[in-house]
Amino acid sequence: MALAGAVRCWRPGAGPSSLQMQALSLHMSKTAMGASQKDFESAMNQVKLLKKDPGNEVKLKLYALYKQTTEGPCNTPRPGVFDLINKAKWDAWNALGNLPKETARQNYVDLVSDLSSSDSSSQVKPETDRKQPGYETLVVTSEDSITKIMMNRPAKKNALTIQMYREIMLALEAASKDDSTIIVLTGNGDYYSSGNDLMNFMNTPPGEMEKEAKNGAILLRDFVGCFIDFPKPLVAVINGPAVGISVTILGLFDLVYASDRATFHTPFTHLGQSPEGCSSYTFPKIMGQAKAAEMLMFGKKLTAREACAQGLVTEVFPDSTFQKEVWTRLKAYSKLPRNALHISKQSIRNLEKEKLHAVNAEENSVLQERWLSDECMNAVMSFFSRKAKL
Ligand SMILES: CCCCCC/C=C/C(=O)SCCNC(=O)CCNC(=O)[C@H](O)C(C)(C)COP(=O)(O)OP(=O)(O)OC[C@H]1O[C@@H](n2cnc3c(N)ncnc32)[C@H](O)[C@@H]1OP(=O)(O)O
């Protein structure tokens, strides 16, 4: 509801210290005696300084109290049934009945004082303070109704360890229930992610290969399943090159923003493996059979612009302004009506959910076999012996 213009009392603005001082002086004057006209004017100014939007219900209350204080009881005709905004405002004002002007003024000042106190206690904190505890391989923060999950293993190009798969699942589970509107996955450092950590294949005793392959397939099924079922808008902020599973799951995101430094590489055949992340289904749908085969079968690496032209990426930004442009965009999107956004996401996804889970199960059962193949073992060994030979 667009009330901002009419409730002359609302405009986010200045810094915390002036806000806190005004709240304090307002509180002191109103407790000494009834609120004066000066207190009322000061409250009207203060409401413009609030950083946090108090929501339509509170804005309606402020509007009603303002009108009651300045004009007395509502005696204008009720707006027509289709004039929704003015009708809501009229209803709020009319609900105050014959409340005396002095009481309305006092209530207005009290309400603003309460809003100011909670607003100053929720001022922006540095990122280190906002960081959610409990993650070792991720940095998870929430701000402006956006939960950001950042893979945090820059020295290893954000290669995904078993612990990282698990922590990403936990972070998604928590984000699905928090009050965020949008969830972002991104990487710390120069890479978005180099995909599965190839060490995941190296620590298995010879007799336990089959069991480990089975466990790996279960973990992968659950990991990809979280993206299939995720109920809120998911945005990938691709800060640099992306490899393997970090690319294939992009078909399950709602928006993919990429720096022009990013590349997209799925070298499954070279690794003796096969596609996962539902890409065997989503990629041909997104980019057509021929282009999907080039990526998934022949390991063609795409630039960000090529990936955008093929529909895998939503938009490409110059690396120099990437973070600024993307976060400005996301902050604007995060103010959209939350429930409507989530319902739209779910309507789109629900049409495909069953199919995606079936594809996920099929891909994982093929991969489970692939991990036991000589082709896969040799490719992994050759990656790790590469450095030793230099
Ligand atoms: C539960 C199991 C689920 C499995 C799901 C199936 C998923 C499949 C895939 O994701 S397949 C894709 C796997 N990824 C790769 O094949 C990429 C391998 N890495 C590379 O090719 C290169 O490292 C690079 C191109 C990403 C970057 O090259 P460069 O710029 O030359 O840097 P370095 O190679 O020196 O890398 C720095 C440091 O990071 C280590 N590292 C990078 N990526 C991985 C990786 N994927 N796995 C393990 N380690 C990785 C690299 O070894 C270096 O370590 P060091 O400094 O030498 O200790």
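Calculation rules
- Residues numbered from 1 in each chain as written.
- Predicted model: local features only at pLDDT ≥ 70, side-chain atom pairs only at ≥ 80, totals over all residues.
- Heavy atoms only, no water.
- Pairing = 2+ DSSP bridges.
- Helix = DSSP H or I, 4+ residues; strand = E, 2+ residues; numbered from the N terminus.
- Contact = heavy atoms within 4.5 Å.
- Axes fitted to C-alpha atoms, helices over the stretch in contact; angles between N-to-C directions.
- Core = buried A, V, L, I, M, F, W, Y, C linked by side-chain atoms within 4.5 Å.
- Buried < 20%, exposed > 50% of the residue type's maximum accessible area, 1.4 Å probe, protein only.
- Phe/Tyr/Trp six-rings, centres within 6.5 Å; stacked < 30°, edge-to-face > 60°.
- Parallel < 35°, antiparallel > 145°, perpendicular 65-115°, else oblique.
- Left-handed = near helix turned anticlockwise from the far one by under 90°.
- Nonpolar A, V, L, I, M, F, W, Y, C, P; charged D, E, K, R; others polar.
- Domains from an automatic or database assignment.
- Salt bridge = Lys/Arg side-chain N within 4 Å of Asp/Glu carboxyl O.

Quick look at the sheet that holds strand S7 (residues 263-265) now. Strand order in the open sheet formed by three strands is S5-S7-S8, and the pairing between neighbours is mixed. Whereas interior strands pair on both sides, the edge strands pair on one side only; in this sheet they are strand S5 (242-243) and strand S8 (302-303). Bridge analysis of S7 against S8 gives two bridges, and the strand direction is antiparallel. Bridge pairing links Phe264 to Leu302 in S8.

In this section: the side chain of Lys67. You can see Lys67 is positioned in helix H3 (residues 56-71). Among residues more than four places away in sequence, those in contact with Lys67 are Gly72 and Trp93.

Now for the sheet that holds strand S3 (residues 182-187). An order of S1-S2-S3-S4-S6-S9 is seen for the six strands of this open sheet, with the pairing classed as mixed. In this open sheet, the two edge strands, each paired with only one partner strand, are strand S1 (138-143) and strand S9 (315-317). Averaged over neighbouring strand pairs, the angle between their axes works out to 20° when direction is ignored. Of the strand pairs in this sheet, strand S6 (residues 255-259) and S9 are connected by three bridges, and their pairing is parallel. Pairing of Ser259 across the sheet is with Phe317, part of S9. Helix H13 (residues 322-333) contacts strand S2 (146-151), S3, strand S4 (234-238), S6 and S9 of the sheet and is inclined by roughly 160° relative to S6.

A few words now on the nonpolar core. Counting 63 residues, the largest nonpolar core has Phe227, Ile238, Phe253 and Phe264 as its most contacted members. If one sorts the elements of this core by residue count, helix H8 (residues 209-229) sits on top with eight residues. Residues Ala43, Met44, Tyr66 and Leu115 belong to the second largest nonpolar core, which totals 15 residues.

With that settled, the discussion passes to the packing of aromatic side chains. All chains considered together, the criterion is met by nine aromatic pairs. Ring geometry for Phe40 against Tyr66: centres 6.2 Å apart, planes inclined by 25°, an arrangement best described as stacked. With a gap of 26 residues between them, Phe40 in helix H2 (residues 37-47) and Tyr66 in helix H3 connect regions that are remote in the sequence. Relative accessible area serves as the criterion here: at 1%, Phe40 is assigned to the buried category. Since its relative accessible area comes to 8%, Tyr66 is described here as buried.

Okay, the packing of helix H10 (residues 279-287) against helix H11 (residues 289-296) next. H11 packs onto H10 with a crossing angle of 135° between their chain directions and a minimal axis gap of 7 Å. The pairing of H10 with H11 is recorded here as oblique in orientation. Seen along the crossing, H10 lies across H11 with a hand that is right-handed. On the side of H10, the interface is formed by Ser279, Ser280, Phe283, Pro284 and Met287, while H11 contributes Gln289, Lys291, Ala292, Met295 and Leu296. When the residues that make up the contact of H10 with H11 are grouped by side-chain class, the tally is six nonpolar, three polar and one charged.

Below, the discussion takes up the domain arrangement of the protein chain. Looking at the assigned domains, one finds that the protein chain contains domain 1 (37-115) and domain 2 (138-388). Measuring from the centre of the C-alpha atoms in domain 1 to the corresponding centre in domain 2 gives 49 Å.

Next up on the list: the packing of H2 against H3. Close contact between H2 and H3 brings their axes to 13 Å; oriented N to C, the two are set at 155°. Viewed along their axes, H2 and H3 adopt a mutual orientation that is roughly antiparallel. By crossing handedness, the relation of H2 to H3 is classed as left-handed. On H3, the residues touching Phe40, Met44 and Val47 of H2 are Leu62, Tyr66, Thr69 and Thr70. Of the residues that constitute the contact of H2 with H3, the class distribution is five nonpolar, two polar and no charged.

Bringing the side chain of Gln310 into the picture now. Along the chain, Gln310 falls in the loop between helix H12 (304-309) and S9. Discounting residues that sit within four places of it in the chain, Gln310 has contacts with Ile286, Met287, Lys291 and Leu302.

A word on the pairing of S6. Most of S6 is tucked away, with four of its five residues classed as buried. Where S4 and S6 come together, four bridges link them in parallel fashion. By the bridge assignment for S6, Val235 is matched with Leu255.

Moving on, we get to the pattern of salt bridges. What the rule picks out here adds up to 16 salt bridges. Salt-bridge contacts for Asp222 lead to Arg221; the nearest nitrogen and oxygen are separated by 3.1 Å. A salt bridge links Glu315 to Arg329; the shortest N-O distance between them is 3.0 Å. Of this pair, Glu315 sits in strand S9 while Arg329 is found in helix H13, placing the two residues 14 residues apart along the sequence. Judged by its relative accessible area of 29%, Glu315 falls in the partly exposed class.

A separate point is the pairing of S2. With six of six residues buried, S2 is to be regarded as a mostly interior element. Neither face of S2 is left uncovered, since the one carrying Ile146, Lys148 and Met150 and the one carrying Thr147, Ile149 and Met151 both have all their residues buried. With six bridges joining them, S1 and S2 adopt antiparallel strand pairing. Its bridge partner being in S2, Val139 is matched across the sheet by Met150. Two successive antiparallel strands, S1 and S2, enclose a turn made up of two residues, where Asp144 displays a positive phi of approximately 50°.

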